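Structural overview
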Amino acid sequence: MAFTRPAGKHRRTGRTKRTTAQAAGVAALTTTGVVGTLAVPALASEPSPEQTGLTPVVSMGDIAADRVDAQADAQREAAELAEARQQAHEAARRQAAVAAERAHEAKERAAREAERKRLNTYVAPISGSYVSTSYRSGGGLWSSGSHTGIDFHAASGTSVHAVGSGTVVEAGWAGAYGNQVVIKMNDGTYTQYGHLSSIAVSVGQTVTPGQQIALSGATGNVTGAHLHFEVRTGADYGTDIDPLGYLRSHGVNV
């Protein structure tokens with residue numbers, strides 16, 4: 001008797017059809033967004049997704065975590081960049097402040113040096129004048145028998161200047177010298193300005209090179225208006241030295 005294969009609904013499906021149905025089910029779950037874990041041991045021996053062409057299922061939680069990490073990294077980098085910029089700004093500000101302070105100090109040093117040089121300079125007592133009577137000239141016009149200073153040609157009312165820095169020790173009438181000013185110089189010597197028509201300083205006042213101290217005139221024992229200029233090593237009469245040599249030793253071209 002021949003064996004008859006069961007037919008109809010009682011017939012078992014083949015292996016190929018079962019595998020195809022299972023793969024289609026996975027693809028359908030992926031397409032609809034349903035994510036899960038399929039515990040189908042029979043599929044372990046089935047072809048890989050690369051072989052079947054099916055897209056693997058990706059966890060949405062992992063994507064969200066990656067995005068959060070990326071945002072955190074971007075924020076951290078932005079904060080670090082902002083801090084670096086702030087530090088660079090502060091460093092530049094400090095450098096600018098140091099440079100400004102150094103420039104200010106250099107300017108002050110230059111000003112002090114210029115003032116020191118100015119106070120140590122010497123000038124002629126009459127600007128643009130010349131010596132009309134030399135030192136030690138003889139004659140009866142002088143009680144000592146010779147001229148103890150030099151005379152600068154000057155009309156009455158010509159400005160008379162301090163030849164250097166010092167302090168006024170005499171300012172007023174002085175007999176044969178007429179109206180006079182005596183200045184104790186910073187180097188310890190004394191300069192005398194005689195026959196003045198008017199005096200512009202007082203005793204105890206400090207003066208600087210080129211400062212106007214009086215106007216020339218013809219007071220005292222004179223034959224005409226001029227400036228008598230005398231230099232002494234001490235305050236007393238008779239300690240005179242050559243005024244031209246004194247001025248020239250201090251750089252004055254007379």
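Residues numbered from 1 in each chain as written. Predicted model: local features only at pLDDT ≥ 70, side-chain atom pairs only at ≥ 80, totals over all residues. Heavy atoms only, no water.

A word on the overall build of the protein chain. A count of helices and strands for the protein chain gives four helices and 10 strands. Helices and strands in the protein chain line up, N terminus first, as α-α-α-β-β-β-β-β-β-β-β-β-β-α. Of the roughly 16,300 Å² that the protein chain leaves accessible, carbon and sulfur atoms contribute 55%. (Helix = DSSP H or I, 4+ residues; strand = E, 2+ residues; numbered from the N terminus. Areas by Shrake-Rupley, 256 points an atom, 1.4 Å probe, with all protein chains shown as cover.)

This brings us to the confidence of the model for the protein chain. Residue-level pLDDT values for the protein chain average 83, and 74% of them are 70 or greater. Note on residues 1-6: pLDDT is under 50 here. Beyond four places in sequence and across chains, it has two contacts. (pLDDT = per-residue confidence, 0-100. Contact = heavy atoms within 4.5 Å.)

This paragraph deals with the pattern of salt bridges. Counted according to the given criterion, the structure contains seven salt bridges. For R112, the salt bridge goes to E108, with nearest N and O atoms at 4.0 Å. Here R112 and its partner E108 are both found in helix 3 (residues 60-120), four residues apart, which amounts to about one turn of the helix. Look at E108 and you get partly exposed, because its relative accessible area is 35%. (Salt bridge = Lys/Arg side-chain N within 4 Å of Asp/Glu carboxyl O. Buried < 20%, exposed > 50% of the residue type's maximum accessible area, 1.4 Å probe, protein only.)

This model, assessed by the stated rule, comprises three aromatic pairs. Consider the rings of Y122 and Y246, whose centres lie 5.9 Å apart with planes at 85 degrees: the pair is edge-to-face. Within this pair, whereas Y122 is found in the loop between helix 3 and strand 1 (131-133), its partner Y246 is found in helix 4 (residues 243-249), the two being separated by 124 residues in sequence. With respect to class, Y122 is no different from Y246; both count as buried. Put simply, the rings of F152, Y193 and F229 touch in pairs and so form one group of aromatic residues. (Phe/Tyr/Trp six-rings, centres within 6.5 Å; stacked < 30°, edge-to-face > 60°.)

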